[in-house]
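In case you want the letters, here they are:
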Amino acid sequence: MRIVIIGNGIAGTFTAKNLRALDKDLEIIIYAQENYPYYSRIKLPELINEKLNFNDLIIFKDDWYKSNNIKSFLNKKVEKIDHINKKLIIKGETEKVPYDKLVLATGSMPSIPSIKNANQMLGNGVFTLRNIDNAIEIQEFIKNNSIKKVVIIGGGLLGLELAKQIKDYNLNTTVVEFFPRLLPRQLDIDCGGMLREIIENLGIKVELNATTEEILLNDNNSIKGIKIKDGRQIEADMILIQAGITPTIDLAKSAELNTNRGIIVNEYLETNQKDIYAVGDCIEYNNQIWGIIPACIDQANIVASSILGNKNVKYKGTIPKNTLKIIGIDLTSIGIFDPEDKDLIGAGWQILKNIDEKSNCYKKIILKDNKLKGAILFGEKNAIPYINKNIEKEVEDKELRKAINLYEWICQICGNIYDEAKEEILFKDLPKDWKCVCGASKSEYKNKNLN
Ligand SMILES: Cc1cc2nc3c(=O)[nH]c(=O)nc-3n(C[C@H](O)[C@H](O)[C@H](O)COP(=O)(O)OP(=O)(O)OC[C@H]3O[C@@H](n4cnc5c(N)ncnc54)[C@H](O)[C@@H]3O)c2cc1C
């Protein structure tokens, strides 16, 4: 059986890897538009300031493809799918490529919000970062134009990680975010505020509640800055846009696959056309698109079984998990982080939360009927393995509190409870002369959870 995969990002490559692990005789072929073997996009910002070069990013070198007997054709764009005859048309080639089963792993591209002059200036002072070529292009533009001031539109994970690397390049850096807080998809308002302070302490300026309306140009058509809807203007000679993703679905449409925002798939990662599957950033399942690596990995596992006829495993979605990758900042957000937002509070939902401003630490745990539904951990990494292991599982209060290091303290005199997960101050930080409601001193309290 000949399986052709379009796209050699993590979703396409892991599909090939999993297929090979299940069957050593399959013919597996990958067509990839980019001219690089499988690499990680995570460290792309570090190419810009030359902390890394593109070879450092490559994960599977030529020998991996050879030893796994996977044929990989780079720099080959699939232009059309002839799904009736089960053949692919490759750009610049006359011979069509036959397949028995086809996997679309075409990924996504950065979204460009509707901003005056953004599309017109793309590649000429306005850039997005998705691949190695983009990073090289940005680096060359900075060098060739003696860039000094950069505005990054988008205060999400990628925007902030990019901002840090731009700042490390000694450029004046401003992040502009539409929402009233940074990382609006990962943080609540309290933690967003703490993060803003830390980001600003790195020397990165932050503008919130800022809808960019226009990219301002000089008379010679170079970048002058941006104009925000409320009238604010920010000077810049280069603009980087990291404002979400758009799944790559044009090819799918040409094969009459059902699409909405992404390519619509069922729980087996099957599209509406027989023998055509889709995985990764390009898919939409249950009205959701993911855009994160854990989802690609889950889907690549399931599609491999599905292609080989095993219908015992179904895709049920992936719990969103994000970590901000800036050295010195420990920040992880997983699952549901703000049930207040969803109007879910009550009805079995419980929040354990502590803001320790002294040590810049924020912990928030969301439970429903004792099941761990989500967490924000800021300035705290010891609890991450426990949270990852137990997400969507029932947890024991004692174990959870040990993992997150937030305890209930009980007064030996009156039984009053001081719960660190509900109070603002940790028990150890209460002043020495602090008194219980019954008048007992601090020393009369014992840790309820460790006994
Ligand atoms: C800078 C950056 C940092 C990131 N950091 C994180 C992180 O820390 N954690 C995390 O979970 N996620 C992160 N992500 C997101 C993550 O990289 C994506 O979720 C993941 O790359 C998606 O993989 P994919 O294989 O679905 O698509 P892609 O990686 O986009 O790969 C798809 C490939 O298909 C190719 N292709 C498309 N159409 C065709 C065609 N017609 N013919 C041939 N080839 C085609 C594309 O050129 C592309 O190379 C980051 C992304 C970026 C850009």
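What counts, and at which threshold
- Residues numbered from 1 in each chain as written.
- Predicted model: local features only at pLDDT ≥ 70, side-chain atom pairs only at ≥ 80, totals over all residues.
- Buried ≥ 20, exposed ≤ 12 C-beta atoms within 10 Å, placed from the backbone.
- Helix = DSSP H or I, 4+ residues; strand = E, 2+ residues; numbered from the N terminus.
- Pairing = 2+ DSSP bridges.
- Expected span 1.5 Å × (residues − 1).
- Contact = placed C-beta atoms within 7 Å.
- Core = buried A, V, L, I, M, F, W, Y, C linked by C-beta atoms within 7 Å.
- Near = placed C-beta within 6 Å.
- Nonpolar A, V, L, I, M, F, W, Y, C, P; charged D, E, K, R; others polar.
- Domains from an automatic or database assignment.
- Axes fitted to C-alpha atoms, helices over the stretch in contact; angles between N-to-C directions.

**Details of the pairing of strand 7 (residues 101-104)**
Stage number 1. Burial of strand 7 is two-sided: the residues Lys101 and Val103 facing one way and the residues Leu102 and Leu104 facing the other way are all buried.
Stage number 2. Bridge count for strand 1 (residues 2-6) against strand 7 is four bridges, and the pairing is parallel. In the strand pairing of strand 7, Ile3 is matched with Lys101.
Stage number 3. With three bridges connecting them, strand 7 and strand 19 (residues 276-278) associate as parallel partners. Bridging from a neighbouring strand, Leu104 pairs with Ala278 of strand 19.

**A closer look at helix 1 (residues 10-22)**
Stage number 1. For helix 1, which comprises 13 residues, the first-to-last C-alpha distance of 18 Å matches the rise-based estimate of 18 Å (1.5 Å per residue) to within 8%.
Stage number 2. Ile10, Ala11, Gly12, Thr13, Phe14, Thr15, Ala16 and Leu19 are the residues of helix 1 that are buried.
Stage number 3. The secondary structure elements touched by the buried residues of helix 1 are strand 1, strand 2 (27-31), strand 3 (70-73), strand 7 and helix 9 (293-307).

**Describing the nonpolar core**
Stage number 1. In terms of nonpolar packing, the biggest core is built from 66 residues, with Val151, Ile152, Leu160, Leu195, Ile239, Leu240 and Ile376 touching the most fellow members.
Stage number 2. Here this core takes six residues from helix 6 (residues 157-168), the largest share from any one element.
Stage number 3. Those residues in contact with Val151, other than ones at most four positions away along the chain, are Thr174, Val176, Ile226, Ile234, Ala236 and Ile239.
Stage number 4. Membership of the second largest hydrophobic core comes to 49 residues, among which are Leu19, Ala32, Leu251 and Ile283.

**Some points on the site of the ligand**
Stage number 1. Surrounding the ligand, one finds 34 residues, the nearest of these being Gly7, Gly9, Gln33, Gly107 and Gly280.
Stage number 2. Elements that contribute at least two residues to the shell around the ligand include exactly helix 1 and helix 9.
Stage number 3. Grouping the amino acids of the shell around the ligand by side-chain chemistry returns 17 nonpolar, eleven polar and six charged.
Stage number 4. Composition of the shell around the ligand by domain shows at least three residues from each of domain 1 (2-108 + 246-307) and domain 2 (126-243).

**Observations concerning the sheet that holds strand 24 (residues 361-368)**
Stage number 1. With antiparallel pairing, the five strands of this open sheet are ordered in space as 21-22-25-24-23. Edge positions in the open sheet fall to strand 21 (321-323) and strand 23 (349-356), since each of these has one partner strand only. Strand-to-strand twist in this sheet, taken as the mean axis angle between neighbours without regard to direction, amounts to 10°.
Stage number 2. Of the strand pairs in this sheet, strand 22 (residues 331-335) and strand 25 (residues 371-378) are connected by five bridges, and their pairing is antiparallel. Bridge pairing in strand 25 places Thr332 opposite Leu377.
Stage number 3. Across the face of the sheet, helix 7 (residues 189-201) comes into contact with strand 22, strand 23, strand 24 and strand 25 while running at roughly 25° to strand 25.

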